[in-house]
Every structure is written in structure tokens, then in C-alpha cells.
Amino acid sequence: MAALEARGAVRHVEEIDQDAYEATGLMYRFIDEFGWLGGPAVVFDRVKVDGQWMESPVIANQFGRWEFDALAFGIDPDGLDQRQMYRATLAKLTELMDENGEWTTLQPAEVSTDQAPCKEVKVTGDDIDVTAFPFLQTNPADGGRYINTGNVVLEDPTHGRNVGTYRCQVKGPKKIAINPEPNQDGWKFLMGMKERGEPFAKAAVVLGAEPVVYAIGSSKAAGYGQDELAIAGGLKGKPINIVKCETSDIMVPADVEMVIEGEIPFDMEPEGPFGEMYGYIGRHKPENFYMNVTAITHRRNPIFINQFTGVTRHFMTAPLEVTASFKLRKIFPNFVGLHIALHIPGFCFVSIDKQGAGEGLAVGREVSKLLKISKITIVVDKDVDIHNQTEVLHTVGARWQPAPATHIVDEAPGMSGDPSTPKRGITSRVVIDATRQLPEEGGPQEFGKMNRECLVEGQPDIFERIDKKWSGLLQEWKQDP
Ligand SMILES: Cc1cc2nc3c(=O)[nH]c(=O)nc-3n(C[C@H](O)[C@H](O)[C@H](O)COP(=O)(O)O)c2cc1C
């Protein structure tokens with residue numbers, strides 16, 4: 001947040017009434033005005049929740065812009081625009097992967113309780129009251145208030161530690177829901193314990209972890225059984241400090257704002273509904289995990305984070321993109337890159353250095369298999385900027401012929417919050433091959449050149465000249481659209 005403040009990328013709101021959903025309304029307005037990748041991070045200093053003014057600040061949209069990914073991963077942003085910063089982040093993370101696609105890891109370092117900021121205040125027994133903190137109800141249609149950026153930490157004797165971001169509905173002073181969707185790593189951990197006949201699972205929900213921990217806990221950058229905290233340490237170049245919980249042996253990141261400890265029994269309870277990342281209210285879940293809270297520890301003045309889900313960008317995509325790109329490059333030497341466009345959920349843009357017939361659909365099919373989030377995979381030639389949505393869609397309009405350059409998968413695993421599927425968690429998929437089609441793929445005998453390409457061929461320095469000569473005019477217009 002200090003780095004964002006220094007860049008002038010934070011706006012403060014002294015107080016806001018969330019009982020009247022004003023924070024949600026304001027975040028929509030920021031996005032309406034400045035777009036998904038253009039809004040500031042926002043700090044709400046006081047928030048009214050359930051009739052009470054709560055003094056702890058609430059942060060929103062702290063991962064809204066690509067420049068925030070860059071800052072979190074230590075990229076010097078000077079002189080770079082957002083896209084360049086994002087590409088520099090991808091390049092830096094790629095360097096931190098070895099030739100087998102494994103991240104550099106650093107084992108977490110244990111610290112004592114008195115060295116752990118998350119232990120400044122300890123609340124146990126009858127004093128426990130989750131409802132006393134500013135966990136917000138984001139939308140009137142949500143089932144209630146939510147802790148929606150918590151990293152749920154579980155430990156298993158065989159698979160080690162798992163850290164995953166799952167939403168947690170506040171169900172009472174000492175009870176919260178825990179929502180790993182079926183087949184998530186956390187879900188597999190819990191089901192394993194249930195099958196072994198354990199009466200409950202010990203767990204801890206970590207709030208306000210540093211961005212690198214949060215990013216790895218929120219994406220499939222870590223494989224099943226890999227320790228997210230060791231990977232986060234490797235990416236940071238410094239071990240993540242961990243400390244033992246008060247009511248279990250689970251080790252949690254120590255430099256966080258709050259830790260909610262508890263026990264997850266295996267009888268289920270209803271949960272939801274919740275306004276999901278697709279921007280639609282999800283379905284009420286009749287059966288879900290829940291946790292009885294056994295202790296809360298926190299910083300003296302904890303800061304909370306609310307994800308305005310479906311309104312703002314919700315996590316840093318760079319680690320996941322680098323992981324997926326490694327796998328694809330191994331299979332397809334002509335694979336160039338991919339981009340998971342979170343602001344238009346379901347889309348993944350892929351670029352290839354096409355050399356022969358059939359490559360576009362082949363790469364697209366593999367992406368579609370690899371990434372559950374990719375319902376609509378669009379493959380383009382390498383001259384198209386996959387970080388520029390307009391350019392990608394323009395290319396689809398201009399280079400793509402629906403027949404035969406399309407592949408449809410009738411049934412595949414899907415995202416649980418997708419409102420369009422009749423069966424939760426099951427989706428169909430489409431691969432759109434928007435690369436220039438060769439005659440043997442059913443394309444034209446000769447693909448016309450682009451106007452812009454011809455301009456640059458005729459006037460190779462045209463854009464440098466224009467930028468130099470007219471930069472004032474261009475800048476002035478940007479400031480006053
Ligand atoms: C803000 C946010 C909320 C999320 N909520 C959930 C959730 O409620 N359930 C879920 O299964 N995944 C959720 N995810 C996605 C998971 O965090 C992600 O798939 C992660 O890889 C899960 O960890 P795991 O692979 O160790 O299971 C959320 C991600 C973010 C960034």
C-alpha cells in the first residue's frame with residue numbers, strides 16, 4: 001500500500017455507509033469511469049456495518065491494475081506503461097522457474113510469537129466475535145457478510161500444507177463458512193481427512209497476507225501438495241515468516257493482519273448465495289463446509305481487505321500465466337504467450353508463432369484443457385498484442401472464419417460461479433483460431449496485408465516521428481478526454 005501511495009494510486013474515503021451499499025456503489029463508479037485496469041486502490045477509513053461504525057480501515061481494488069502486480073513482484077515501474085510493467089513481471093517470474101518448470105522455493109522461517117505481528121492481540125473463548133470486524137456484505141443479494149480474501153491454511157500428514165483463497169461467509173460470532181469448490185486442493189485435503197474418519201479438520205484463515213503469498217494462494221501456480229509458502233518465499237527472495245497457531249499446530253504466515261483459527265467438522269451447512277466473479281449472483285449452496293472458531297489473533301490496528309467480487313479485478317494473474325506458459329511452451333515450441341483476461345471472465349488470449357496448418361486449433365485445445373478458467377480460448381498470431389483486448393477482438397472480427405477455424409468441447413470441468421451452465425461446475429468450451437488461415441486450412445489464397453503494416457513499410461520511422469513531433473498534443477488529449 002505504501003508503494004501504491006507513493007505512486008499516487010490510492011484514494012481515501014473517510015467514512016462510508018455499507019449498510020446502504022455505498023462502498024459497492026463507489027467501486028462500480030470507479031470502474032465505470034476508469035475501466036477494470038484503470039481505477040485506484042481505495043482505503044475506506046471508517047465503515048458502517050450492521051448499524052455500527054467500525055474504525056478499522058478496509059482496502060479495496062489493491063490488485064486492480066497491472067502496475068500493482070509489477071510493484072508486488074519488485075519491478076521498477078519507472079518509464080514503463082502498464083502493459084510494459086506487466087510484461088516485465090512475466091519475464092521476471094519466468095526467470096524464477098527452472099528448466100523443469102519448478103519455481104525457485106525458499107522454506108518458510110519459523111518465528112516466535114513475540115516476533116509475529118499477527119499475534120499482537122489474542123482473542124479466545126467467549127471474547128471471540130467475528131462479527132465485530134468490518135467484513136462486508138458486498139451486495140444486497142449476498143447471503144450475508146463475507147470474509148472474501150482469506151487464505152485458508154490446512155495441513156495434512158501426507159500432502160503437507162495447502163494455502164487457498166476461499167470465501168468464508170460470516171455465520172455468527174464463532175462460526176464462518178469455508179468454501180473450497182469440489183476438487184480444489186483444499187477440498188481434497190478436507191475430503192481426505194473425512195474419509196480417514198477424523199472428527200474435524202484443524203484450519204486457519206489468514207487475512208491480509210502479503211501480495212506474493214496471496215497471489216500464490218489464489219491461483220494454480222502451486223501444484224497439489226506443493227507448499228504455497230515455500231514458492232512465495234522463492235518468488236520474494238526471502239523466506240516467509242511463519243508462526244504456530246494458538247489452538248493447533250498449524251503454521252501460518254506471521255506478518256499478516258489477522259488469523260482466524262478453528263475446526264471444520266464434516267457435517268455440512270447451507271451457504272450463499274454470493275455475487276460471483278462473473279458479475280452474477282451465484283446459486284445458494286445447500287451443503288458447504290463451515291468452521292467453528294477457536295481463536296482470533298490480530299495486529300493492534302488491523303487493516304481489512306474486501307474483494308468487491310465481480311466489480312474489480314480480484315487477483316494477480318502473472319504467476320498463473322507463467323506456470324501455464326511453461327507447460328505449453330514444452331509441448332508447442334511455437335507458443336508465444338497467453339493472457340487470462342480476468343476483466344472479461346471466461347476469456348483467454350493466446351499468441352503463437354504459427355508455422356503450419358492446424359497449429360492454432362492444436363494449441364487452443366491444449367489451453368482449453370489446461371485452464372479451467374478458459375471457456376473461450378482465442379488464438380492469434382504473434383503480431384497481435386494479447387494484452388490489448390480491442391486488438392484481439394478486432395483480430396477475431398477480421399481474421400477468423402467460424403467454419404472451420406473453431407473447435408467446441410461439449411462437456412468439461414467449469415468454474416462454479418459461471419451463471420450460464422445448467423449444471424454447476426460443468427461447461428462447454430470453444431476454441432477460436434483467429435490466426436491467419438492458410439489455404440490448406442480453408443483460408444484465402446492470399447491474406448491481405450494490414451493497412452498499418454503497409455504504412456510502416458513505406459514510412460519505417462512514422463510512429464517515432466509522430467510521437468516526437470506531437471507528444472504534447474497526444475498527452476494533452478489523454479489528460480482531458
Ligand atoms: C478473491 C478470491 C476468492 C476466491 N474464492 C474462492 C472460493 O470461494 N472457492 C474456491 O474454490 N476458489 C476460490 N478462489 C480461487 C482459488 O483461490 C484458487 O483456485 C486457488 O488455486 C485455490 O487453491 P488450491 O488450488 O490450493 O485449492 C478465489 C480466488 C480469489 C482471488
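Residues numbered from 1 in each chain as written. Predicted model: local features only at pLDDT ≥ 70, side-chain atom pairs only at ≥ 80, totals over all residues. Heavy atoms only, no water.

Trainee: When you look at a nonpolar patch on the surface in this model, what are you seeing that I'm missing?
Mentor: On the surface, a nonpolar cluster with roughly 380 Å² of combined accessible area is contributed by Ile-466, Trp-470, Leu-473 and Leu-474. Along the chain, the position of Ile-466 falls in helix H12 (residues 462-479). For Ile-466, a relative accessible area of 33% puts it in the partly exposed group. (Patch = residues over 30% accessible without salt bridge, like charges linked within 9 Å, V, L, I, M, F, W, Y side chains within 5 Å. Areas by Shrake-Rupley, 256 points an atom, 1.4 Å probe, with all protein chains shown as cover. Salt bridge = Lys/Arg side-chain N within 4 Å of Asp/Glu carboxyl O. Helix = DSSP H or I, 4+ residues; strand = E, 2+ residues; numbered from the N terminus. Buried < 20%, exposed > 50% of the residue type's maximum accessible area, 1.4 Å probe, protein only.)

Trainee: Can you help me understand unusual backbone geometry in this one?
Mentor: Glycine aside, residues mostly have negative phi, and peptide bonds are mostly found in the trans state. Here the residue pair Gly-272 and Pro-273 is connected by a cis peptide bond, since its omega of -5° sits within 30 degrees of zero. Omega for the peptide link from Ala-403 to Pro-404 comes to 10°, which places this bond in the cis form. The backbone of Asp-50 sits at a positive phi, close to 50°, despite the residue not being glycine. Tracing the sequence through the fold places Asp-50 in the loop between strand S2 (41-49) and strand S3 (52-54). Its identity as a non-glycine residue notwithstanding, Asn-183 has a phi of 75°, on the positive side. Tracing the sequence through the fold places Asn-183 in the loop between strand S11 (175-178) and helix H5 (185-195).

Trainee: Would you mind showing me how to read the domain arrangement of the protein chain here?
Mentor: Structurally, the protein chain comprises domain 1 (105-309), domain 2 (332-448) and domain 3 (450-481). Taken residue by residue, the interface counts 7 residues in domain 1 and 12 residues in domain 2. Approximately 1,000 Å² of surface area, both sides summed, lies buried where domain 1 meets domain 2, with 55% of it carried by carbon and sulfur atoms. Of all residues in domain 1, the largest losses of buried area upon contact with domain 2 belong to Met-277, Tyr-278 and Arg-283, amounting jointly to 67% of the total for that side. At the boundary of domain 1 with domain 2, the tally comes to 1 salt bridge. A salt bridge links Arg-424 to Glu-181; the nearest nitrogen and oxygen atoms lie 3.2 Å apart. At the boundary of domain 1 with domain 2, the tally comes to 3 residue pairs in polar contact (both at pLDDT 80 or more). Here the side of domain 1 that touches domain 2 is built from residues that sort into 3 nonpolar, no polar and 4 charged. (Domains from an automatic or database assignment. Contact = heavy atoms within 4.5 Å. Buried area = accessible area lost by both parts, 1.4 Å probe. Polar contact = N/O pair within 3.5 Å; in protein donor to acceptor, adjacent residues only side chain to side chain. Nonpolar A, V, L, I, M, F, W, Y, C, P; charged D, E, K, R; others polar.)

Trainee: What am I meant to see in the sheet that holds strand S21 (residues 376-381) here?
Mentor: The strands making up a sheet associate through backbone hydrogen bonding, with each pair oriented either parallel or antiparallel. On the basis of which strands lie adjacent, the open sheet formed by 5 strands has the order S19-S20-S21-S23-S22 and mixed pairing. The open sheet has two free edges, formed respectively by strand S19 (335-340) and strand S22 (406-413), since each of these has just one partner strand. Here the average twist between neighbouring strands, direction ignored, is 20°. Note that S19 and strand S20 (residues 347-352) share 5 bridges and pair antiparallel. Of the residues in S20, the one forming a bridge with His-339 is Phe-349. This element, helix H10 (residues 389-399), spans S20, S21 and strand S23 (426-433) of the sheet and lies at about 85° to S21. (Pairing = 2+ DSSP bridges. Axes fitted to C-alpha atoms, helices over the stretch in contact; angles between N-to-C directions.)

Trainee: Teacher, can you tell me more about the sheet that holds strand S13 (residues 241-244) here?
Mentor: Spatially, the 3 strands line up as an open sheet ordered S5-S13-S14, and their pairing is mixed. Looking at strand neighbours, the two that pair on one side only are strand S5 (109-110) and strand S14 (251-253), the edges of this open sheet. Pairing of S13 with S14 involves 3 bridges; the strand directions are antiparallel. In the sheet register, Lys-244 faces S14, and the bridge partner there is Met-251.

Trainee: Where do I start with the site of the ligand in this structure?
Mentor: Inspection of the region around the ligand gives 22 residues, with Thr-165, Tyr-166, Asn-179, Asp-185 and Lys-220 positioned closest. In this structure, Asp-185 approaches the ligand through a main-chain N or O atom, which is 2.8 Å from an oxygen atom. At 3.3 Å, a backbone N or O of Ser-219 approaches an oxygen atom of the ligand. The fraction of the free accessible surface of the ligand (640 Å²) that becomes covered by protein chains is 88%. Elements with a minimum of two residues in the shell around the ligand: strand S9 (160-165), H5 and helix H6 (211-217). Here the element with the most residues in the shell around the ligand is S9; it accounts for 4 residues. Class assignment for the residues of the shell around the ligand results in 5 nonpolar, 12 polar and 5 charged. (Near = heavy atom within 4 Å.)

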